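# A structural walkthrough
Residue strings, one per chain:
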Amino acid sequence: MNIHKPIKRASQVIERHVVGKGYAHDSARRHVRGEAIYIDDMPELPGTLHIAPILSTIAHGTITGIDSQQARDADGVKAVLFAADIPGRNEAAPILANEPIFAAGEVLHLGQIIGCVVAQTMAQAIQAAALVRVSYDERPALYDVERAYDADEHTHPTQHLNSGDATKALEESPHRFTGSFTMGGQDHFYLETMVAYAQPGEDDEMLVWSSTQHPTEVQVHVALALGVKNHEVEAKVRRMGGAFGGKESQATIIACIAAVAAKKTGKPCRFRLRRHDDMAATGKRHGFTMRYDAGLDETGRFKGIAIEALANSGHVADLSGPVVTRALTHFDNCYHLPATDFTGFAAKTNTVSNTAFRGFGGPQGMLATEAIIDRIAREMGMDPNALRAVNYYGPDTGEVTPYDQPVEDNRIRDVVDRVMANAQWDKRRAEIDRFNAENRVLKKGLAMMPVKFGISFNLTALNQAGSLVHVYQDGSVHLNHGGTEMGQGLYTKVAQVVADVFGLPLEDVKITASTTDKVPNTSATAASSGSDLNGAAAYNAAKTIRERMVAVAAEHFECRTDEIIFRGGRVMFENQAMTFGALAKQCWFKRVSLSAAGFYATPKIHWDAATMKGRPFFYYTYGASVSEVVIDTLTGENRCLRTDIVQDCGKPLNPTLDLGQIEGAFVQGMGWLTCEELWWDEKGRLRTVGPSTYKIPGSRDVPPAFKVEILDDKPNREETVFRSKAIGEPPLMLAISVWLALRDAVSSLSGGRFAAELDAPATPEAVLFAVDAMKERLERERLGSENAQSFTASGLSGHA
Amino acid sequence: MTQPISFSLNGEAVSASLRADTTVLEYLRLHASLRGTKEGCAEGDCGACSVLVRKPGDDRFQPANSCIMLLAQIQGGAVVTVEGLAAQDHALQEAMAENGSSQCGFCTPGIVASLAGLLDQKDQPEESEIHDGLAGNLCRCTGYKPIVEAAQKAARSVHKPLPQVAITPTGEASGDDTSKALHPCALQELFEMRADHPDHVLLAGGTDSALDVAHARSRWPVIINTAAVEDLRGVRVDDEHLIIGGAASWAEVLPHLGDYWPSFAKLVRRFGSVQIRTMGTVAGNIATASPIGDGAPSLIALGARIVLASPASERTLDLEDFFVDYRKTVLREDEIIKAIHVPLPQAGDEFRVYKVSKRYDQDISTVCGAYAFRQVNGTLSNIRVAYGGMAATPLRCPQIENALEGKLLTEAALSAARRAVKETFSPLSDMRGSADYRARVAANLLDRLAADLEGETVEVMAL
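Quick summary incoming for the structure in this document. (Residues numbered from 1 in each chain as written. Chains lettered and ligands numbered in written order. Predicted model: local features only at pLDDT ≥ 70, side-chain atom pairs only at ≥ 80, totals over all residues.)

## Overview of the overall build of chain B
In plain terms, the rule: The numbering of helices and of strands both runs from the N terminus, where a helix is a DSSP run of H or I of at least 4 residues and a strand a run of E of at least 2. A radius of gyration in this sense is built from C-alpha atoms; the matching globule rule multiplies 2.2 Å by the number of residues raised to 0.38. Partly exposed residues are those whose C-beta has more than 12 but fewer than 20 other C-beta atoms within 10 Å; with 20 or more the residue is buried, with 12 or fewer it is exposed, and the C-beta atoms are placed from the backbone. Placing C-beta atoms from the backbone, we regard two residues as in contact once those atoms come within 7 Å.
When helices and strands are tallied, chain B shows 16 helices and 20 strands. The C-alpha atoms of chain B give a radius of gyration of 23 Å, which matches the 23 Å a tight globule of 463 residues would have. Considering chain B as a whole, with its 463 residues, one finds that 60% of them fall into the buried category. Restricting to contacts in chain B with at least 6 residues of sequence separation, those with at least 24 account for 67%.

## Notes on the nonpolar core
Soluble globular proteins tend to pack their nonpolar side chains together in the buried interior. Residues and elements named next belong to chain A. Keep this limit in mind: The nonpolar core criterion groups buried Ala, Val, Leu, Ile, Met, Phe, Trp, Tyr and Cys residues into a set whenever they are joined through C-beta atoms within 7 Å.
By size, the foremost hydrophobic cluster in this structure holds 369 residues, and its most contacted members are V117, V208, V222, A258, A259 and A261. By residue number, the principal contributor to this core is helix α7 (residues 251-265), which donates eleven residues. With residues up to four places along the chain from it excluded, the contact list for V222 reads M206, V208, V233, A235, A255, C256 and A259.

## Quick notes on the packing of helix α15 (residues 530-557) of chain A against helix α16 (residues 580-589) of chain A
Residues and elements named next belong to chain A. This is how the line gets drawn: Lines fitted to C-alpha atoms define the axes, with helix axes restricted to the stretch in contact, and inter-axis angles between N-to-C directions lie between 0 and 180 degrees. Orientation categories follow fixed angle ranges, with anything under 35 degrees roughly parallel, anything over 145 roughly antiparallel, 65 to 115 roughly perpendicular, and all other angles oblique. Here the nonpolar group is Ala, Val, Leu, Ile, Met, Phe, Trp, Tyr, Cys and Pro; Asp, Glu, Lys and Arg are the charged ones; every other residue, Gly included, is treated as polar.
In contact at an axis separation of 10 Å, α15 and α16 are set at 95° when each is read in the N-to-C sense. Accordingly, the angle class assigned to the pair α15 and α16 is roughly perpendicular. Along its contact with α15, which presents R548, M549, V552, A553 and H556, the element α16 presents L583, Q586 and C587. Across the contact of α15 with α16, the residue classes break down as five nonpolar, two polar and one charged.

## Describing the sheet that holds strand β27 (residues 619-632) of chain A
Working definition: the strands of a sheet are paired by backbone hydrogen bonds and lie parallel or antiparallel to each other. All names here are of chain A. Test applied: Should DSSP find at least two bridges between two strands, the strands are taken to pair.
Reading across the sheet, the four strands line up as β16-β27-β28-β29 and stay open at both edges, with mixed pairing between neighbours. Only two strands of the sheet have a single partner each, and these edge strands are β16 (442-455) and β29 (705-711). Neighbour-to-neighbour, the strand axes of this sheet turn through a mean angle of 15°, independent of strand direction. Here β27 runs beside strand β28 (residues 638-648); their pairing, made up of nine bridges, is antiparallel. Within β28, the residue paired with S627 across the bridge is T643. This element, helix α13 (residues 425-438), spans β16 and β27 of the sheet and lies at about 145° to β16.

## A few points about unusual backbone geometry
Residue and element names in this part refer to chain A. The step from A760 to P761 runs through a cis peptide bond, and the omega angle for that step is 5°. Turning to its location among the elements, P761 is positioned in the loop between α18 (736-747) and α19 (764-799). Even without a glycine there, the phi angle at D203 is positive, about 45°. Note that D203 resides in the loop between β9 (195-200) and β10 (206-210). Not every positive phi belongs to a glycine, and A527 is a case in point at roughly 60°. Its location among the elements puts A527 in the loop between β20 (514-515) and α15.

## Structural notes on the environment of H175 of chain A
Residue and element names in this part refer to chain A. Among the secondary structure elements, H175 is positioned in strand β8 (residues 175-183). Separated by 26 residues in the primary sequence, H175 and Y149 place their C-alpha atoms 28 Å from one another. Apart from the residues lying within four places of it in its own chain, the contact partners of H175 are G295, L296 and M380.

## Here's the deal with α15 of chain A
Along an α-helix, a turn takes 3.6 residues, which lines up residues three or four apart on a common side. Residues and elements named next belong to chain A. Test applied: Expected helix span is computed as 1.5 Å times (number of residues minus one).
Its 28 residues place the ends of α15 38 Å apart at the C-alpha level, agreeing with the 40 Å of an ideal helix rising 1.5 Å per residue. Most of α15 sits out of view: 20 of its 28 residues are buried. Positive phi shows up at E558, right after α15, with a value of about 55°.

## Overview of the pairing of strand β3 (residues 50-54) of chain B
All names here are of chain B. Among the five residues in β3, five count as buried, and that is most of the element. The two faces of β3 match: S50, L52 and R54 on one face and V51 and V53 on the other face are all buried. Where β3 lies against strand β4 (residues 62-65), four bridges are found, and the strand directions are antiparallel. Across the sheet, V51 pairs through a bridge with A64, a residue of β4. When β3 meets strand β5 (residues 78-80), the two strands line up antiparallel, connected through three bridges.

## Concerning the sheet that holds strand β7 (residues 154-163) of chain A
Residue and element names in this part refer to chain A. Taking strand neighbours across the sheet as the criterion, the five strands line up as β7-β15-β14-β13-β8 in an open arrangement whose pairing is mixed. Both outer strands of the open sheet, β7 and β8, are each paired with one neighbouring strand and no more. The average undirected angle you get between the axes of adjacent strands in this sheet is 10°. Judged from the nine bridges that link them, strand β14 (residues 302-314) and strand β15 (residues 340-348) form a sheet pairing that is parallel. Of the residues in β15, the one forming a bridge with I307 is F342.

## Focus: the interface of chain A and chain B
Facing the 68 residues of chain A at the interface are 66 residues of chain B. Of the residues forming the side of chain A that touches chain B, the biggest block, seven residues, is contributed by helix α17 (residues 655-673) of chain A. Along the lines of polarity and charge, the residues of the side of chain A that touches chain B split into 27 nonpolar, 23 polar and 18 charged.

## Some points on the pairing of β14 of chain A
Residue and element names in this part refer to chain A. Taken across its 13 residues, β14 has twelve buried, putting it largely inside the fold. As defined by bridge partners, strand β13 (residues 288-296) adjoins β14 across nine bridges and the pair is classed as antiparallel. Following the sheet pairing, A294 is matched in β14 by I305. Where β13 folds back on β14, the antiparallel hairpin that results is connected by five residues, among which G300 adopts a positive phi of roughly 90°.

## Quick notes on the packing of helix α9 (residues 320-328) of chain A against helix α10 (residues 362-379) of chain A
Residues and elements named next belong to chain A. This is how the line gets drawn: By convention, the crossing between two helices is left-handed when the near helix turns anticlockwise from the far helix through less than a right angle, and right-handed when the turn is clockwise.
Taken N-terminus to C-terminus, the directions of α9 and α10 make an angle of 35°; their axes are 7 Å apart at the nearest point. Note that α9 runs across α10; the crossing there is right-handed. Across from R326, A327 and L328 in α9, the residues of α10 making contact are G362, Q364 and G365. For the contact of α9 with α10, a count of residues per class yields two nonpolar, three polar and one charged.

## Remarks on helix α12 (residues 412-422) of chain A
Residues and elements named next belong to chain A. Here is the rule: Read the arc as the range of directions from the helix axis to the C-beta atoms.
Of all the residues in α12, the buried ones are I412, V415, V416 and V419. Here the buried residues of α12 occupy an arc of 95° about the axis, which is enough to place them on one side. What points out from α12, more than 90 degrees from its buried face, is the exposed set D417 and A421. Looking at the packing, one finds that the buried side of α12 touches β16, β27, β28 and β29. Once α12 ends, the next one or two residues include Q424, with phi positive near 50°.

Shown next, in the form of structure tokens:
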């Protein structure tokens, strides 16, 4: 397959007309008019019931009794359900096992779903759920990842990624630095909370509308929970009101509960979590503690590095294993690390199980390395960017990553040089230094962040996709694929691909809800891979149909198949033409099939999970950013003033949608690293469970100067669909420049000599404490030098 | 006899024989089949539920959170939803669709409502005014930039008047037999209704109290709505005072503040959001007696007095004496807040208030410090200091005042004042900040005050 530009084969010339243009999101007009239908907006079927969850009120213990009589007697209540009511298996684990839908016997975090109330209205269900009394035998709870590590409490086997001889390299390093720091998690805060609508059919049939990134997993787990075969269950989703990874595995739990309720009551059941319950009961981005030991040579080149990554997995594994894998495989970011000893530990704690979130461990891995670089550079008296530069993977050095993948498509220098120029680094660095000299209260900081991100699911098997394309007799096209639409514009991009295969305008291609009975055995729409996988699968299906149609057209025009052109809704040979619809009609007449299923499996990739070696990623994508911030040294309040971004998009399928992904991901990443703080009280209750306490960025928090350049000068080196590159996750990590700039602003108090003691998120409180710690360090230094001077002075007087 | 609740909805007269404590959002989605408007949080903080509302007796539409607004509050008023805007093909909608302003689209209808409200009031809003208009709307996908751009683009178009029909409220009880709203027009009538209905809930803006209803935790059989009570309405200025009526919203107060206390005006623009300020009242903010409410510290520092009225009598107190303990006040069961009187500044009077929170817009203070004083040749006098977020109530701080009264803001005076902060407060740790952080910030705000008075730029938002 070679599809990056018009190409000739025996019968194929596929031109790029629709692909590459910045079409608006296919639902944009429906969004702005309030006409886009989300699952909670679907009209109720007669008899529809509503569900409210019963949540654990303690962090750890055994359930000793449940009194639900009052709830059962309450107005409108039709059922109160617990683990024992699940007809099949009480299992929601996406990878491992023993991750219950309803807590059975023991509860492992405060807010864990124990059961649910099913009632005629949502208000009745919520009121009745509050009447259920659960008694517990409470046990001590564990919240701290380091304590979990010491006690070897884990949810997933510990992972090791080793290369070279790290111990020896560290011992031989002239400069050696050890330390640790922590980074918080992040709530997805998708605007549409978790929701599912289960509709029982005949016998064992169950249709589940689920706000999920992974319809197949919903299908499989609903079947498991109901004790029926997969073919009895259809999982369906037209759109989600945001997902960001939060609906990759955990939407399954909500769907299963709706389906169990529908099965038990025989009625359609809708389950929408209220915001507070959603934030208490569903997982988030993993917080990590990183402990490191780094050795460098005199020039600032890494010789050896050991990092222990302790991830807060929460109460069960969920996707923590692969999240940790991605953290370990992204420690290197853009830097060649010749000897590594990386340990990834998934700590089991009594907090909600953490899950996928845009970047999936990658951001945490990169943040660790960048924090280490920022510290080491200052302590070695180097400019952090200079230390970065000596460690970049060379373009032609044949250097491989710690997991043995060669970095073949290296664009690090391209993006870094470009962003430094766009940002006018040297000029602004001088301006900022001047500002800092002139202002006592406010201090500015500036930092650059390069990003290399691996594209593909680490687990090779997930890198496959299917599609189903129908051409109707009027020439209109119906498209389904295994991907899901969560706002990223996947439906639009895939439709653009299919439109160009048929030479049609975009409006002639219609995509409807993703559903497991049209495209089976799908992977989650995740890992930035949605358009790579589904675009290619749809391309293959459309091409199959096109080839059949070309044969009919050649017969019609009495020409060779390679002389046929599809363009602008017409099929042409020299000066003859017919509409695409007329050719479709002719195909039908000649009994030629106008429907095809497509399939795609990413080539070249392989991964050995035991040794953590292989080529897990089809390709890398590159980006770089420069951010300027200001901090208030009296309160820690802070703000990003300007950001410049350069992002490599290969040959973009749709630059407008890509720009939306870049800007949105950056702001989301900035939230993770600044204002978004998860805060638990001493009882293990998350106290930031709504937007009044959990603060995501608002419109004024976006840098007032925000300049994004999409680098589209080089097609993807690999044969992706139309040579595009993935975009969903990589730009989130560009926000690390904001965090580094905040550290730089704190460091400015020492003239940039000392690194800030600043973890993530850099809330105003964290920034103020880092400022005060820096002031104390400078004060100690001043006193130290005074002492030294007075010692010298007294020594002199002694001589005298 | 209980009447149905009548109001204008997207330009058509509707009447609903429903519980008066039904939220407007619930009504729109479940009863009117208008499902464009979404529930994102049910606490008035995300804006997905935003609609435009013309309150009864008001002459303009303003954005409001339909998730915490009750049918009781729109009797005789008008509501416009995203569907109503779509019916007139609002230019903002096309501009947003063209400009990549939506991704998942779930926040979009609320954003359309908020910005259409802004454009209805302002022809050419500045970028900062667009941010003010968006402060109550969260978007998790786009990074907001394409939304702000679309608002700028749409501002260049001509907009039709928002659709509405006149509804004449009957003044009678409205709702149904299980939950009704009473709409007194005079203070005496209100007192009688309160006496007649011991189980009533007194409702002003509802931006705090209606949270319980929005979360389906409580039901209100009788709601007495203060909005129409003539003696409680409006904001006026006499020779010596700004007089804020007991039912006046923050939106009504805000335009009066800039002339007298620019710093207070700046704070109030960060008070909740446009949506919250449409409904939320100054008196309600004081009556809830939250230690982190943003109204009280400024009003205490400015020397505001509060007028409490009961059927028998009226009394006037210094606001600082109103608060007793955590969420406890001296308000007696038969009393209401009739008005708040804020003395107008005299020549030489200065006022500064600093709010510190995790996010600049629509967040609750971690610490709020308010300072009123007169400054002559650098010497401070008549100083009044109040803090929020530092104790169980908003607190006036005589020790800090004493440390600064009659002083130049020298390092010695500041250090005495910082000591006074330390001695006055033992703040709590919570999700908004640790006790240590609060203590440091409360003291540091005095340094900010000094730097501010010296003309240094002291707030990151000023850059």
